Amino acid sequence: MDTPYGTPVAETQFVRPDRPRPASGFRGAIYSATGGLVNLGPSAKDQDEAELERRIARPLSGSFNTAILSLKGGIGKTSTTVGVGMILAEYRGDHPCAIDANPDSGDLAERALGEMLYQKVKPRTVTDIVRDIGQIKSLTQLTDYMHHANRLHLIAGEQDPALSDALTPGEYLQIKQLVSLYYSVTLTDCGTGVSHPAMAGVLPQATNLVIASGYAVSGAKRARNTLQWLAAHGYEGLARNAIVVVTDKDQVSSRVNKRAIEEHLAGYCRQLITVPHDRGVADGDRISLDKISAATRRAYKEIAAAIVDGYV
């Protein structure tokens, strides 16, 4: 900028930027006690949390899909999908979508809404979308087939055993393409294993993967075998960039060397994140961010940030 006399001058800032306020700990207490007069700035912990939230919330160009899978049920696959989906919904400006592609009567919507509320809402499932997909021409029409847990939008899995195994690769691809028109972030809660028919549609459409595991020795071996299978069947990039999530759901005994399991699995993936034992997750009921522990919430934030890292 030039002066009226043609001499260049530096840009002047007329308003001082606010100093970030501390959110917790001693610094937060001092800030609150003094009514904001004493601001020591955010602690290292607060800055770390803010950085996680920045990574989760970053703008995206396009539509991205994360497949969440395991070779064994009951080790945190669906709870991870719901918990991470809710974190994404809390910190992102856009609504994330979660698809239940589990052929074995998946309970994604129940874990997000709670069994009682889910039973009261209209029973729309992935099967209904497949049936009517040619008639769904707008987001308004699509959301009529979805369930909503606050800002997280969900496509429920089929509960009828006669229909639940009927999702073909082509049908999943149709759903994925439809959802991609309106959502920038999609999580697909897969069934157990990598060989059921729908997975032939899921894996080629996945931007990245989350592999769910537990601390039981058999679960850890299955997670490793999953990554090895992926690498051997044309999905080496997905395997190499996968996020392994180890949930301490069953509180294994002290005989299990958790550190050795973590180090072993970390050698097969881009990042390994652990989720502590939490009754708010392990009971199998509705997952609420208000009821899980601070450590579990932190783990879900780390997973969400790692997922979005894989999109950019």
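Parameters and conventions
- Residues numbered from 1 in each chain as written.
- Predicted model: local features only at pLDDT ≥ 70, side-chain atom pairs only at ≥ 80, totals over all residues.
- Heavy atoms only, no water.
- Helix = DSSP H or I, 4+ residues; strand = E, 2+ residues; numbered from the N terminus.
- Expected span 1.5 Å × (residues − 1).
- Buried < 20%, exposed > 50% of the residue type's maximum accessible area, 1.4 Å probe, protein only.
- Arc of directions from axis to C-beta.
- Contact = heavy atoms within 4.5 Å.
- Phe/Tyr/Trp six-rings, centres within 6.5 Å; stacked < 30°, edge-to-face > 60°.
- Lys NZ or Arg CZ within 6 Å of the ring centre and 35° of its normal.
- Polar contact = N/O pair within 3.5 Å; in protein donor to acceptor, adjacent residues only side chain to side chain.
- Core = buried A, V, L, I, M, F, W, Y, C linked by side-chain atoms within 4.5 Å.
- Axes fitted to C-alpha atoms, helices over the stretch in contact; angles between N-to-C directions.
- Parallel < 35°, antiparallel > 145°, perpendicular 65-115°, else oblique.
- Left-handed = near helix turned anticlockwise from the far one by under 90°.
- Nonpolar A, V, L, I, M, F, W, Y, C, P; charged D, E, K, R; others polar.
- Pairing = 2+ DSSP bridges.
- Salt bridge = Lys/Arg side-chain N within 4 Å of Asp/Glu carboxyl O.

**Some remarks on helix α10 (residues 217-232)**
1) Next: Helix length check: α10 (16 residues) gives 23 Å between terminal C-alpha atoms against 22 Å at 1.5 Å per residue, within 8%.
2) Next: Among all positions of α10, only G219, A220, A223, T226, L227 and L230 are buried. Seen from one end, α10 has its buried residues packed into an arc of 115°, which puts them on one side.
3) Next: Looking at the buried residues of α10, the elements they touch are β1 (64-70), α9 (199-205), β6 (208-214), α11 (236-240), β7 (243-247) and α12 (258-266).

**A few points about the packing of aromatic side chains**
1) Next: Tallying each qualifying case throughout the model produces one aromatic pair.
2) Next: Ring geometry for F64 against Y311: centres 4.8 Å apart, planes inclined by 15°, an arrangement best described as stacked. A residue pair is termed long-range when its members are at least 10 positions apart, and F64 in strand β1 and Y311 in the segment after α14 (294-309) qualify at 247 residues.
3) Next: One cation-aromatic arrangement involves R124 over Y145; the distance from NZ or CZ to the ring centre is 4.4 Å.
4) Next: When the ring centre of Y215 is taken as reference, the NZ or CZ atom of K258 above it lies at 5.0 Å.

**Side note on the environment of N257**
1) Next: Along the chain, N257 turns up in the loop between β7 and α12.
2) Next: Measuring from C-alpha to C-alpha, the distance between N257 and A216 comes to 9.7 Å, with 41 residues separating the pair along the chain.
3) Next: Polar side-chain contacts of N257 include one of 3.0 Å to the backbone nitrogen of A260.

**Observations concerning the nonpolar core**
1) Next: Core analysis: the biggest nonpolar cluster contains 41 residues, and L69, I129, I155, I175, L209 and I211 have the highest contact counts within it.
2) Next: Of all hydrophobic cores here, the second largest spans 38 residues; its members include V185, I273, V281 and Y311.

**Quick word on the packing of helix α2 (residues 44-57) against α14**
1) Next: Relative orientation of the contacting elements α2 and α14 amounts to 45°, with a least axis distance of 8 Å. In terms of their interaxial angle, α2 and α14 are classed as oblique. With respect to the hand of their crossing, α2 and α14 are arranged in left-handed fashion. Contact residues: α2 offers D48, E49, L52, E53, R55 and I56, while α14 offers R298, K301, E302, A304, A305, A306, V308 and D309.
2) Next: Class assignment for the residues of the contact of α2 with α14 results in six nonpolar, no polar and eight charged.

**Observations regarding the pairing of strand β4 (residues 152-155)**
1) Next: Every second residue of β4 is oriented toward a common face, with L152 and L154 on one face and H153 and I155 on the other, all of them buried.
2) Next: In terms of strand pairing, strand β2 (residues 97-101) meets β4 through three bridges, oriented parallel. When the sheet's bridge partners are listed, I99 is paired in β4 with I155.
3) Next: The pairing of strand β3 (residues 147-149) with β4 spans three bridges and is classified as antiparallel. Looking at the pairing, H147 lines up with L154 of β4.

**What to know about the sheet that holds β1**
1) Next: Taken in spatial order, the eight strands make up an open sheet running β3-β4-β2-β5-β1-β6-β7-β8, and their pairing is mixed. The open sheet has two edge strands with one neighbour each: β3 and β8 (271-275). The average angle at which neighbouring strand axes cross in this sheet is 25°, direction not considered.
2) Next: Strands in contact with helix α8 (residues 169-180) are β1, β2, β4 and β5 (185-192); relative to β2, the strand with the most contacts, it is inclined by about 175°.
3) Next: Running at roughly 150° to β8, α12 makes contact with β6, β7 and β8 of the sheet.

**Comments concerning the environment of A306**
1) Next: Along the polypeptide, A306 turns up in helix α14.
2) Next: In this structure A306 comes out as buried when scored by relative accessible area, which is 0%.
3) Next: Note: C-alpha distance between A306 and L272 (34 residues apart in sequence) is 9.7 Å.
4) Next: Residue contacts for A306: discarding those within four places in its chain leaves R55, I243, R270, Q271 and I273.

**A few points about the pattern of salt bridges**
1) Next: Scanning the model with the defined rule gives 16 salt bridges in all.
2) Next: The closest approach of N and O atoms between R298 and E49, which form a salt bridge, is 2.8 Å. Pair noted here: R298 is in helix α14 and E49 is in helix α2, with a separation of 249 residues, a long-range link.
3) Next: Across the salt bridge formed by K301 and E53, the nearest N and O atoms sit 2.8 Å from each other.

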